[in-house]
There are 2 protein chains.
Amino acid sequence: MNAIDFRTDPSRYRHWRIERDGEVANLVMDVDPAGGLSDQYELKLNSYDLAVDIELNDAVQRLRFEHPEVRVVVIKSGKDNVFCAGANIRMLGKATHGHKVNFCKFTNETRLAIEDACENSGQKYICAIKGNAAGGGYELALAAEHIMLVDDRRSAVALPETPLLAVLPGTGGLTRMTDKRKIRRDRADLFCSIEEGIRGDKAVEWRLVDEVVPTSKWSEKVTARAHEMAARSDRPLGAAGIKLTPLVRKIEGDRLSYSYVEVEIDRTRSLATVTIQGPTQPAPQSISAAHTLGDAFWPLLVAREFEDAILHLRFNEPKIGVLLLRTEGNAQAVLDHDEFLLKANGDWLMREIRHYLKRVFKRIDVTAKSLIALIEPGSCFAGTLAELAFAADRSAMLIGTRTGDNRPPAAIVLGRASFGAYPMGNGLTRLQTRFLGEPASIDRAQEKIGAPIEAKEAAELGLVTLALEDFDWNDELRIMLEERASFSPDALTAMEANLRFAGPETMETKIFGRLSAWQNWVFQRPNAIGEQGALKLYGSGIQATFDKDRV
Amino acid sequence: MNAIDFRTDPSRYRHWRIERDGEVANLVMDVDPAGGLSDQYELKLNSYDLAVDIELNDAVQRLRFEHPEVRVVVIKSGKDNVFCAGANIRMLGKATHGHKVNFCKFTNETRLAIEDACENSGQKYICAIKGNAAGGGYELALAAEHIMLVDDRRSAVALPETPLLAVLPGTGGLTRMTDKRKIRRDRADLFCSIEEGIRGDKAVEWRLVDEVVPTSKWSEKVTARAHEMAARSDRPLGAAGIKLTPLVRKIEGDRLSYSYVEVEIDRTRSLATVTIQGPTQPAPQSISAAHTLGDAFWPLLVAREFEDAILHLRFNEPKIGVLLLRTEGNAQAVLDHDEFLLKANGDWLMREIRHYLKRVFKRIDVTAKSLIALIEPGSCFAGTLAELAFAADRSAMLIGTRTGDNRPPAAIVLGRASFGAYPMGNGLTRLQTRFLGEPASIDRAQEKIGAPIEAKEAAELGLVTLALEDFDWNDELRIMLEERASFSPDALTAMEANLRFAGPETMETKIFGRLSAWQNWVFQRPNAIGEQGALKLYGSGIQATFDKDRV
């Protein structure tokens with residue numbers, strides 16, 4: 001398969017349309033059956049694969065940045081007889097385990113981005129279901145703030161994964177049922193057993209949808225509801241959006257370059273070095289100047305580039321197990337940008353950028369690669385970029401300088417950003433999660449805001465894992481990386497998924513932890529993917545044969 | 001393999017000794033290498049298999065009931081050079097996936113029982129580590145309230161699963177590190193990569209143990225610490241324990257009978273009917289009368305029998321996928337016993353019994369079988385026994401009476417017990433979990449305490465899934481059970497593990513949800529259990545070969 005590219009824009013969409021009409025936009029799903037990532041399957045009945053989800057992710061993002069006037073987004077189907085049949089089953093049957101897992105993760109992230117838009121952007125999502133919404137189709141609806149279902153005696157919502165496919169409603173479905181819509185567990189159990197789903201008043205009574213509407217009043221009611229919700233939004237009035245222009249990146253051999261982000265792959269050591277540059281321009285003088293910069297504004301551009309790099313590495317570089325996280329640039333320039341962003345938080349665009357950075361850091365938290373931050377002379381782990389060191393599984397910091405290198409010793413500079421701007425999925429900051437057992441360390445760190453913290457002090461404050469002398473650096477790093485490369489990639493993935501999320505669980509962490517972990521388990525079971533498994537045989541007319549042992 | 005029997009007592013232990021000395025007891029692990037469940041492996045270096053854990057479970061239970069005078073339990077090794085090498089690796093390498101999963105679940109439950117004793121019994125556990133505590137050995141220590149490590153320059157704590165075996169420290173280890181001991185995530189990551197573990201002061205600094213003690217002062221210090229903790233306990237003074245006499249059960253063909261519990265297996269339908277009898281005697285007149293009854297006291301005996309039945313069904317009947325939960329008896333007698341138990345909560349034994357019932361219901365919550373409660377004329381879903389209906393994935397209740405059956409219509413009778421006596425692992429009652437989205441339903445239910453609730457009202461109150469007329473009963477049940485039997489057992493296990501735990505997560509639910517789910521995933525990966533996998537090849541001298549793809 002060709003490398004998967006996450007960059008797209010509405011002019012290139014094959015599966016979605018954005019129809020804007022003032023404060024309301026329709027996001028219309030109209031999947032091109034021939035537009036999947038592979039020609040081994042057809043995307044019938046508005047079923048989707050990653051190609052469809054890449055566009056959805058792009059649309060959700062653009063609606064936030066390019067269309068401040070849009071207060072309500074209505075997700076609809078462009079097909080007459082179906083809303084969405086969920087993830088394409090032939091695709092799932094043929095995909096590698098790794099692709100399935102990565103695909104579900106990305107789908108989950110996009111649905112969480114929809115919820116994030118509702119919560120933090122004042123951009124509310126309605127899902128208007130006409131025709132059946134099955135499996136991932138209903139899971140998409142579950143991400144909306146308000147679910148409307150037409151009462152035409154046919155249209156239903158359904159989660160038929162267990163009866164039909166021997167897998168789970170695993171992209172948020174089960175967790176959103178119990179924790180978001182708080183559906184009674186026995187009803188959830190029944191619902192997940194009914195292939196044909198539930199429709200009409202019962203769907204409301206069971207909390208599966210928020211309202212059912214007769215066909216005759218459908219369009220009128222959907223529009224009315226959209227405007228009603230729009231009236232409650234805090235999206236700005238009269239604001240002009242900014243354009244997200246195509247990301248420029250260059251791939252030369254094993255090097256992937258953007259303007260502020262560079263990735264260099266070392267295949268012999270199964271690792272990639274990701275280097276992020278601080279801003280090369282001073283922070284803008286005013287909010288309007290920042291708007292004029294648009295997507296050239298450093299915090300936004302670096303977020304877009306870093307996100308694209310992460311997704312590229314996840315999907316296209318499965319054998320790369322370790323990411324070395326590096327930074328370069330001017331610490332003060334990062335802190336100035338941070339301060340600008342935080343002070344201007346009342347501005348819709350600055351708010352969007354901060355939440356976007358938050359989401360990009362969350363992508364790193366759930367990326368199944370070991371993350372090691374290297375803090376060396378010339379590095380720029382300051383403010384927002386310091387967050388990378390706290391997102392890492394380990395960090396190593398050089399003590400003092402290197403011979404022949406006249407740059408000053410490496411220093412971490414904490415800014416306000418690390419104390420609340422970018423909460424993790426568990427609702428805590430990365431420092432709160434790190435210091436769950438020693439909250440006084442958070443206060444000690446906070447007192448250091450703005451002051452350069454060199455290696456020994458950083459170790460003492462608990463901000464880095466290792467402070468190393470120059471003469472130890474190469475050997476220690478070599479041994480650490482060789483060791484990491486020698487471990488089972490699976491054990492590392494599972495270990496990191498546990499160690500990164502101390503403390504409270506939220507619906508979000510439950511989705512990635514409990515639900516995804518079980519789904520990944522099921523995705524390996526012979527009852528699903530074996531030669532006689534349900535996922536494998538779906539559509540063949542042959543009944544699956546199950547090993548009846550309960551595990 | 002013969003059926004696994006969970007009934008044991010200290011006279012039959014091969015792996016543990018209880019050495020009592022007034023308020024302190026030593027629980028000495030001294031594993032007989034030849035005493036495992038199978039002769040395919042030797043339990044060297046105090047490594048364990050299920051046989052060892054069955055005894056530990058029994059010991060933890062007996063210490064609570066038989067020895068109210070014991071305020072502190074010190075877990076020690078009976079071997080000179082090792083504390084405990086963890087779960088036996090050859091056993092894990094040879095076990096079926098199902099056995100591994102069930103074994104880990106039971107081990108987790110026993111460790112949680114240790115924590116429950118510390119929290120609710122005033123019986124505090126110290127783990128006194130002399131020699132290495134590796135893998136499950138250190139995970140056992142993590143269950144204790146206080147971990148002591150001898151500073152002899154050799155003894156260390158370690159979690160070498162990832163580097164050595166390509167699996168996780170999956171019986172609570174990772175979760176207790178992050179959430180109980182709140183170890184910094186990067187240190188946890190480092191620690192889990194170091195085969196030989198960490199010893200001495202560093203183990204304290206990293207929060208891995210609570211104190212290190214020089215060899216010369218070891219015995220003295222352990223004793224002193226035990227008495228110090230004993231002084232803070234609220235175990236009763238001068239109380240006499242009760243004897244847990246051998247459980248009497250009879251297996252005849254597919255029927256398993258105890259005094260109050262009966263299990264009947266229907267292999268053609270892959271189900272078992274579990275029938276629980278209410279008390280046949282009136283509630284005791286006084287606390288001393290209840291003590292005199294000892295383990296014949298209904299709440300205690302029924303808990304023991306039901307627990308044994310659950311464990312038997314889990315391990316020895318993997319092909320049984322559905323448990324039909326039935327009750328029989330006199331509702332008032334259950335409510336009287338409940339009321340007695342709750343009023344006498346200040347009495348140590350009544351407290352123990354309530355917490356034991358709580359733990360047995362929790363075992364049901366994490367049992368990987370579909371649970372369907374059948375509420376029919378003659379049934380006794382009252383008070384404590386009503387909890388079975390709320391633990392079930394679904395419940396069906398008959399409306400009215402049956403022709404030819406002159407018993408009154410089925411009725412649920414709620415008691416105080418359902419509103420706080422038996423919290424689930426998530427910290428909520430089963431009714432709170434059930435009604436997460438409609439808390440007013442809890443109040444409505446509470447107003448009905450003591451009043452018989454027949455089928456239609458029960459359905460209206462949301463207490464049952466289905467209220468069925470007699471003429472529908474057989475067909476509806478037959479279809480439901482055939483349907484359930486036709487689904488993939490794996491999808492059902494994973495689905496139930498998600499739907500049963502709405503709302504908050506605790507360390508306990510994180511262990512069973514997030515950590516166990518990931519461990520189960522890893523236990524299936526070729527990198528662990530394939531022909532070239534680390535778990536398979538361990539001890540053979542051959543290096544494992546890993547598929548390097550990161551999933």
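Here the structure is shown first, and the text comes after it.
Owing to the predicted nature of the structure, the values given are computational and were not obtained by experimental measurement.

1. Quick notes on the pattern of salt bridges
Two side chains with opposite charge may pair up if their charged atoms get near one another.
Residue and element names in this part refer to chain A.
Then, number 1: According to the stated counting rule, one finds 124 salt bridges over all chains in the structure shown.
Then, number 2: Across the salt bridge formed by D116 and R64, the nearest N and O atoms sit 2.9 Å from each other. Of the two residues, D116 is situated in helix α3 (residues 97-120) and R64 in helix α1 (residues 50-66); the sequence distance between them amounts to 52 residues.
Then, number 3: Taking relative accessible area as the criterion, R64 reaches 1% and is therefore assigned buried.
Then, number 4: Note that R326 and E376 form a salt bridge whose closest N and O atoms lie 3.5 Å from each other. Separated by 50 residues along the polypeptide, R326 in strand β16 (residues 322-328) and E376 in the loop between β17 (370-375) and α14 (386-391) bring together distant segments of the chain.
Then, number 5: Judged by relative accessible area, which is 11%, E376 ranks as buried.

2. Description of the interface of chain B and chain A
Then, number 1: At the junction of the two partners, chain B supplies 87 residues and chain A supplies 87 residues.
Then, number 2: Of the roughly 8500 Å² buried where chain B meets chain A, counting both sides, 54% is carbon and sulfur surface.
Then, number 3: There are 18 salt bridges connecting chain B and chain A.
Then, number 4: With a closest N to O distance of 2.7 Å, R434(A) and D186(B) form a salt bridge.
Then, number 5: Summed over the shared surface of chain B and chain A, the number is 62 residue pairs in polar contact (both at pLDDT 80 or more).

3. Re the side chain of D49(A)
All names here are of chain A.
Then, number 1: Topologically, D49 is positioned in the loop between β3 (47-48) and α1.
Then, number 2: Buried within the structure, D49 lacks any salt-bridge partner; its nearest side chain of opposite charge belongs to R14, at an N-O separation of 9.7 Å.
Then, number 3: Within the structure, D49 has its side chain in polar contact with the backbone nitrogen of L37 (distance 2.6 Å).
Then, number 4: A polar atom in the side chain of D49 sits 2.9 Å from the backbone nitrogen of A51.

4. Topic: the sheet that holds strand β5 (residues 82-84) of chain B
All names here are of chain B.
Then, number 1: Taken in spatial order, the three strands line up as β5-β8-β10 in an open sheet, and their pairing is parallel. Each edge of the open sheet is held by one strand with a lone partner, namely β5 and β10 (157-158).
Then, number 2: Two strands pair when backbone bridges link them, and β5 and strand β8 (residues 132-134) are joined in this way by two bridges, in the parallel orientation. In the strand pairing of β8, V82 is matched with N132.
Then, number 3: Sheet strands in contact with helix α4 (residues 136-143) are β5, β8 and β10, and its direction is about 95° off that of β8.

5. With respect to the nonpolar core
Then, number 1: In this structure, Y125(A), Y138(A), M177(A), L208(A), Y125(B), M177(B) and L208(B) are the most contacted members of the largest nonpolar core, which totals 199 residues.
Then, number 2: Not counting residues up to four positions away in its chain, the partners in contact with M177(B) are L499(A), L142(B), L159(B), K182(B), I183(B), A188(B), F191(B), C192(B) and L208(B).
Then, number 3: Formed by 76 residues, the second largest nonpolar core is a distinct cluster that contains A272(B), V334(B), A344(B) and I375(B).

6. Thoughts on the packing of helix α19 (residues 489-499) of chain A against helix α6 (residues 173-180) of chain B
Then, number 1: Look at α19(A) against α6(B): their axes get within 9 Å of each other, and the N-to-C directions meet at 25°. Overall, the two elements α19(A) and α6(B) adopt an arrangement that is roughly parallel. Crossing of α19(A) against α6(B): the hand is right-handed. In this structure, α19(A) uses M495(A), N498(A) and L499(A) to contact α6(B), whose residues at the interface are L174(B), T175(B), M177(B) and T178(B).
Then, number 2: Class assignment of the residues belonging to the contact of α19(A) with α6(B) gives a composition of four nonpolar, three polar and no charged.

Definitions and limits used
- Here, residues in each chain are numbered from 1, in the same order as that chain's written sequence.
- Whichever chain is written first is A, and whichever ligand is written first is 1; the rest continue in order.
- Given that this is a predicted model, residues contribute local features only at a pLDDT of at least 70 and side-chain atom pairs are listed and counted only at 80 or more, while totals for whole chains, interfaces and linings are drawn from all residues.
- Only hydrogens and water are set aside; all other atoms, that is, all heavy atoms of the structure, feed into the side-chain values.
- Any carboxyl oxygen of Asp or Glu within 4 Å of a side-chain nitrogen of Lys or Arg constitutes a salt bridge here.
- Working definition: helices are DSSP H or I runs of at least four residues, strands are E runs of at least two. Numbering for both runs from the N terminus.
- The rule is simple: take the accessible area with a 1.4 Å probe, protein chains only, and divide by the maximum for that residue type; under 20% is buried, over 50% is exposed, in between is partly exposed.
- In this description, contact between two residues means that some pair of their heavy atoms is separated by no more than 4.5 Å.
- Two parts placed together each lose some accessible area under a 1.4 Å probe, and adding up what both lose gives the buried area.
- Each polar contact in these results corresponds to two N or O atoms within 3.5 Å; when the atoms are within protein, one needs to be able to donate a hydrogen and the other to accept it, and residues that are neighboring in sequence are counted only if both atoms are side-chain atoms.
- This count recognises Lys and Arg as positive and Asp and Glu as negative, with His and chain-terminal groups excluded.
- Two strands are counted as paired when DSSP detects at least two bridges linking them.
- The angle between two axes is taken between their N-to-C directions and runs from 0 to 180 degrees, where each axis is a line fitted to C-alpha atoms and a helix contributes only its stretch in contact.
- Each nonpolar core is a collection of buried residues, namely Ala, Val, Leu, Ile, Met, Phe, Trp, Tyr and Cys, held together in the definition by side-chain atoms within 4.5 Å.
- Should an angle lie under 35 degrees it is considered roughly parallel, over 145 roughly antiparallel, and from 65 to 115 roughly perpendicular; all remaining angles are considered oblique.
- Each helix crossing is assigned a hand: it is left-handed if the near helix lies turned anticlockwise from the far helix by less than a right angle, otherwise right-handed if that turn is clockwise.
- Three classes are used, and their members are as follows: Ala, Val, Leu, Ile, Met, Phe, Trp, Tyr, Cys and Pro are nonpolar, Asp, Glu, Lys and Arg are charged, and the others, Gly among them, are polar.

In short, the description is geometric, and any link to function would need to be established separately.
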